[in-house]
Amino acid sequence: MPELPEVETIVRGLNSRIIGREITALKVLENRSVEFDKRLITEVIVEHQISSIWRRAKVMIWDLSSGYSLLIHLKMTGQIILKDPAGSGFAGGHPTGSMQAAAKLPDNSTRAIFKLDDGSNIYFNDQRKFGWIRLLPTKEVHSDSFLSSVGPEHDDPVSFTPEYFWQKIRNRITPIKARLLDQKLVAGIGNIYADEALHLAKIHPARKASSLSKAETAALFNAVLAVLKEGVDRGGTSFDKYVNASGGQGDYLKHARVFKREGQPCTVCGTAIIKAKVAGRGTHYCPTCQLPPRGWRP
DNA sequence: CACTTGACCTGTCCGC
DNA sequence: TGCGGACAGGTCAAGT
């Protein structure tokens with residue numbers, strides 16, 4: 001499930017490959033996945049160049065020379081797969097489709113295809129159709145009003161500070177894990193990195209946010225920065241396949257502290273990792289390193 | 001306003 | 001083997 005590090009990795013991969021390319025066609029295979037008036041395809045997409053590619057929260061943004069920007073959200077199962085004319089590729093997104101860079105495309109989960117002027121194709125695959133492609137004026141996107149409920153980026157040292165984090169956590173009774181998943185607190189954390197950050201900070205995911213000490217909150221702040229950085233450095237978790245790409249493989253999962261490691265030993269103390277449900281999500285933690293709140297039972 | 005739950009989808013896995 | 005149901009989790013609308 002692409003979170004910030006996965007989307008960031010895709011953005012970096014595309015940046016070195018398709019900037020300056022002209023889009024010659026956009027084929028829509030699943031109407032629901034492309035959430036704008038299809039007449040705009042010929043008006044502001046086709047025969048326009050991709051001038052920049054960037055990311056805000058978990059949304060990937062392609063600025064076009066027409067003054068419009070394409071916004072792509074992969075949600076849980078979305079993938080972006082670039083195939084150059086020689087047939088080699090670059091793939092990013094959900095692990096279930098990891099072999100698709102080498103497989104035949106389009107396939108039954110392909111929702112849209114961008115054709116570029118050098119003969120390469122970009123496939124938007126999305127098994128569950130939760131992902132979307134939207135189109136907005138670039139000016140509107142850069143004003144940051146397009147995402148109403150998204151907070152600061154983790155690496156924005158002006159907005160995302162320990163003091164900000166503390167103020168947003170200290171008075172809430174909701175489980176701390178639910179707070180981390182709230183995109184308004186900080187953008188880009190999903191289920192994987194929430195669990196990872198909590199383990200690194202030695203805080204049980206079910207604890208009330210308000211029960212955290214200031215020191216614990218500071219530790220969690222640092223842990224959020226650390227796991228997101230580590231995720232980006234490792235090329236994300238949800239990837240496990242690059243074809244002919246210089247970035248290497250996305251292998252965060254091999255180094256995960258708790259995520260998807262239930263029953264396996266904690267990397268810190270050796271206790272078996274537990275999986276339980278917290279805030280409606282599958283949640284992984286070490287019962288020794290992350291002491292549960294009183295009365296908590298998995 | 002704070003917080004929780006359900007809906008959106010479809011492929012996979014588990015138990016009977 | 002087939003089948004029903006739980007599960008996967010990002011986001012938003014609707015509900016308490």
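Residues numbered from 1 in each chain as written. Chains lettered and ligands numbered in written order. Predicted model: local features only at pLDDT ≥ 70, side-chain atom pairs only at ≥ 80, totals over all residues. Heavy atoms only, no water.

A word on the pairing of strand β1 (residues 22-28)
In step 1: Judged from the two bridges that link them, β1 and strand β2 (residues 48-56) form a sheet pairing that is antiparallel. Within β2, the position partnered with Ile23 by the bridge is His48.
In step 2: Where β1 lies against strand β7 (residues 110-116), five bridges are found, and the strand directions are antiparallel. If you follow Lys27 over to β7, its bridge partner there is Ile113. (Pairing = 2+ DSSP bridges. Helix = DSSP H or I, 4+ residues; strand = E, 2+ residues; numbered from the N terminus.)

Examining the pattern of salt bridges
In step 1: Under the defined criterion, the tally for this structure stands at 18 salt bridges.
In step 2: The shortest N-O distance in the salt bridge between Glu8 and Arg55 comes to 2.7 Å. Remark: Arg55 occurs in strand β2 and Glu8 occurs in helix α1 (residues 4-18); sequence separation between them is 47 residues.
In step 3: Its relative accessible area of 12% is what places Arg55 among the buried residues.
In step 4: The partner of Glu30 in a salt bridge is Lys129, with the nearest N and O atoms 3.3 Å apart. Pair noted here: Glu30 is in the loop between β1 and α2 (39-45) and Lys129 is in the loop between β8 (121-126) and β9 (132-137), with a separation of 99 residues, a long-range link.
In step 5: The class of Glu30 is buried, set by a relative accessible area of 14%.
In step 6: The network of salt bridges with common partners includes Glu8, Arg12, Arg55, Arg56 and Glu153. (Salt bridge = Lys/Arg side-chain N within 4 Å of Asp/Glu carboxyl O. Buried < 20%, exposed > 50% of the residue type's maximum accessible area, 1.4 Å probe, protein only.)

A few points about the protein's contact with DNA strand B
In step 1: As a matter of local geometry, DNA strand B sits amid Arg32, Gln127, Arg128, Lys129, Phe130, Arg172, Ile173, Thr174 and Pro175.
In step 2: At the protein interface, 74% of the atoms of DNA strand B within 4 Å belong to sugar or phosphate.
In step 3: The side chain of Arg128 places a nitrogen or oxygen atom 2.5 Å from a base oxygen of DNA strand B.
In step 4: In this structure, Ile173 approaches DNA strand B through a main-chain N or O atom, which is 2.8 Å from a phosphate oxygen.
In step 5: Residue classes in the surface near DNA strand B are distributed as three nonpolar, two polar and four charged. (Near = heavy atom within 4 Å. Polar contact = N/O pair within 3.5 Å; in protein donor to acceptor, adjacent residues only side chain to side chain. Nonpolar A, V, L, I, M, F, W, Y, C, P; charged D, E, K, R; others polar.)

Examining the side chain of Ser120
In step 1: Topologically, Ser120 is positioned in the loop between β7 and β8.
In step 2: If we skip the residues at most four places from it in the chain, Ser120 touches Leu82, Lys83, Asp84, Pro85, Phe114 and Lys115. (Contact = heavy atoms within 4.5 Å.)

As for the packing of helix α6 (residues 191-200) against helix α7 (residues 214-233)
In step 1: Direction vectors running N to C along α6 and α7 enclose 130 degrees, while the axes themselves pass 8 Å from each other. One finds that α6 runs oblique with respect to α7. With respect to the hand of their crossing, α6 and α7 are arranged in right-handed fashion. Across the interface between the two elements, Tyr193, Glu196, Ala197, Leu198 and Leu200 of α6 pack against Leu220, Ala223, Val224, Ala226, Val227, Leu228 and Gly231 of α7. (Axes fitted to C-alpha atoms, helices over the stretch in contact; angles between N-to-C directions. Parallel < 35°, antiparallel > 145°, perpendicular 65-115°, else oblique. Left-handed = near helix turned anticlockwise from the far one by under 90°.)

With respect to the confidence of the model for chain A
In step 1: Residues of chain A with pLDDT of at least 70 account for 91%, and the chain-wide mean is 89.
In step 2: Within chain A, strand β6 (residues 89-93) has the poorest average pLDDT of any element, 72, and β1 the best, 98.
In step 3: Scored below 50 in pLDDT, residues 96-101 makes 16 contacts in the model with residues more than four places away or belonging to other chains.
In step 4: Confidence drops under a pLDDT of 50 for residues 239-248, and excluding neighbours within four residues, the segment shows 29 contacts in the predicted structure. (pLDDT = per-residue confidence, 0-100.)

What to know about the protein's contact with DNA strand C
In step 1: Every one of the 16 residues lining DNA strand C counts as a neighbour, but His73, Met76, Arg128, Phe130 and Lys275 are closest to it.
In step 2: Put simply, 46% of the atoms of DNA strand C that lie within 4 Å of the protein are in sugar or phosphate.
In step 3: Backbone polar atom of Asn191 to a phosphate oxygen of DNA strand C: 3.1 Å apart, as the coordinates give it.
In step 4: Class assignment for the residues of the surface near DNA strand C results in four nonpolar, six polar and six charged.

Overview of the packing of aromatic side chains
In step 1: Throughout the structure, instances matching the rule amount to five aromatic pairs.
In step 2: Taken together, the ring pairs in this structure connect Phe160, Tyr164, Phe165 and Phe221 into an aromatic cluster.
In step 3: The ring centre of Trp132 lies 3.6 Å from the NZ or CZ of Arg134, which sits over that ring. (Phe/Tyr/Trp six-rings, centres within 6.5 Å; stacked < 30°, edge-to-face > 60°. Lys NZ or Arg CZ within 6 Å of the ring centre and 35° of its normal.)

Describing α1
In step 1: With 15 residues, α1 should cover 21 Å at 1.5 Å per step; its first-to-last C-alpha distance of 21 Å lies within 8% of that length.
In step 2: Counting buried residues in α1 gives eleven out of 15 residues, a clear majority hidden from the surface.
In step 3: If you check which residues of α1 are buried, you get Leu4, Pro5, Glu6, Val7, Glu8, Thr9, Ile10, Val11, Gly13, Leu14 and Ile18.
In step 4: Trailing α1 by a residue or two, Gly20 shows a phi angle of about 90 degrees, which is positive. (Expected span 1.5 Å × (residues − 1).)

A closer look at the domain arrangement of chain A
In step 1: Domain annotation for chain A reports domain 1 (4-149) and domain 2 (162-285).
In step 2: When each unit is reduced to the centre of its C-alpha atoms, the spacing between domain 1 and domain 2 is 27 Å. (Domains from an automatic or database assignment.)

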